[in-house]
Amino acid sequence: SLSTDGLTFVHEEDHRITNEQAELDKIGGMSVVALPDVGFRGYFSNRGIPGEPPGEISIKSAHSEDLLVWEMDEDVRVGTDAPTLTLRRRQPFALQRPDECVTLFYQGVEGVPTRLYSATSLNGLDFTVEHPVEVAGYEGSMAGANVQITPSGDLLLYYDAIDDENGPHIRAANLVFIPSD
């Protein structure tokens, strides 16, 4: 949908990416970053269906020059059938880093509580090392990551949270990238 004020949207005709193109059962939740030279890359996954077991879950990607016509990238980025990171992952959020790397944040669905993970790629396609996202003092389920840059330049991680005390809610935490050894 298009908007001139960010409040009222006009429906854009046609599909951008279908389940058939993505070879996913129920596609959803695309997160888009600008490519260094020209165009865009979007990351998306299977959607969870309440009451149904997760099954095969994969994060895939597509690229576009105009944000309207999308062409699927080959292979799976993260999840079932990925070359390296093969555990079930969904709900990606893509963060374009200043060094042109892309960091994906996503939900792992191996058990309860569900956790957030991240992986960084130099080219936006090959994600080979995964790290759990640790939020000090929070042990409940986590999903739906979204990272924003504050006016001071800090990174703020918003995430969906579910715990026994509060039920479903949205939390935020300062995000710090710690270099790995």
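Every value quoted in this text rests on a predicted model; they were computed, and no experiment measured them.

**Examining the pattern of salt bridges**
Overall, the coordinates contain two salt bridges when judged by the stated rule. The partner of Arg41 in a salt bridge is Asp73, and the shortest N-O contact between them spans 2.8 Å. With Arg41 in strand S2 (residues 40–46) and Asp73 in the loop between strand S4 (70–72) and strand S5 (78–79), this pair connects stretches of sequence that are 32 residues apart. Looking at Asp73, the relative accessible area reads 10%, which means it is buried. Between Glu130 and Arg89 there is a salt bridge, and its shortest N-O distance comes to 2.8 Å.

**Considering the packing of aromatic side chains**
Throughout the structure, instances matching the rule amount to two aromatic pairs. Between Tyr43 and Phe127, the aromatic rings sit 6.2 Å apart at their centres with planes inclined by 85°, giving edge-to-face as the arrangement. With a gap of 84 residues between them, Tyr43 in strand S2 and Phe127 in the loop between strand S8 (115–121) and strand S9 (130–132) connect regions that are remote in the sequence. An identical accessibility class is assigned to Tyr43 and Phe127; each is buried. On the basis of an interplanar angle of 55° and a centroid distance of 5.9 Å, the ring pair of Tyr138 and Tyr159 is categorised as tilted. With Tyr138 in the loop between S9 and strand S10 (141–149) and Tyr159 in strand S11 (residues 155–163), this pair connects stretches of sequence that are 21 residues apart. A residue is classified by how much of its surface remains accessible, and Tyr138, at 4% relative accessible area, is buried.

**Comments concerning the sheet that holds S11**
Spatially, S10-S11-S12 is the arrangement adopted by the three strands of the open sheet, whose pairing is antiparallel. Here the strands that pair on one side only, and so sit at the sheet edges, are S10 and strand S12 (167–175). Between one strand axis and the next, the sheet turns through 20° on average, direction left out of account. Pairing of S11 with S12 involves nine bridges; the strand directions are antiparallel. Within the sheet, the bridge partner assigned to Leu155 lies in S12 and is Leu175.

Definitions and cut-offs
- Residues numbered from 1 in each chain as written.
- Predicted model: local features only at pLDDT ≥ 70, side-chain atom pairs only at ≥ 80, totals over all residues.
- Heavy atoms only, no water.
- Salt bridge = Lys/Arg side-chain N within 4 Å of Asp/Glu carboxyl O.
- Helix = DSSP H or I, 4+ residues; strand = E, 2+ residues; numbered from the N terminus.
- Buried < 20%, exposed > 50% of the residue type's maximum accessible area, 1.4 Å probe, protein only.
- Phe/Tyr/Trp six-rings, centres within 6.5 Å; stacked < 30°, edge-to-face > 60°.
- Pairing = 2+ DSSP bridges.
- Axes fitted to C-alpha atoms, helices over the stretch in contact; angles between N-to-C directions.

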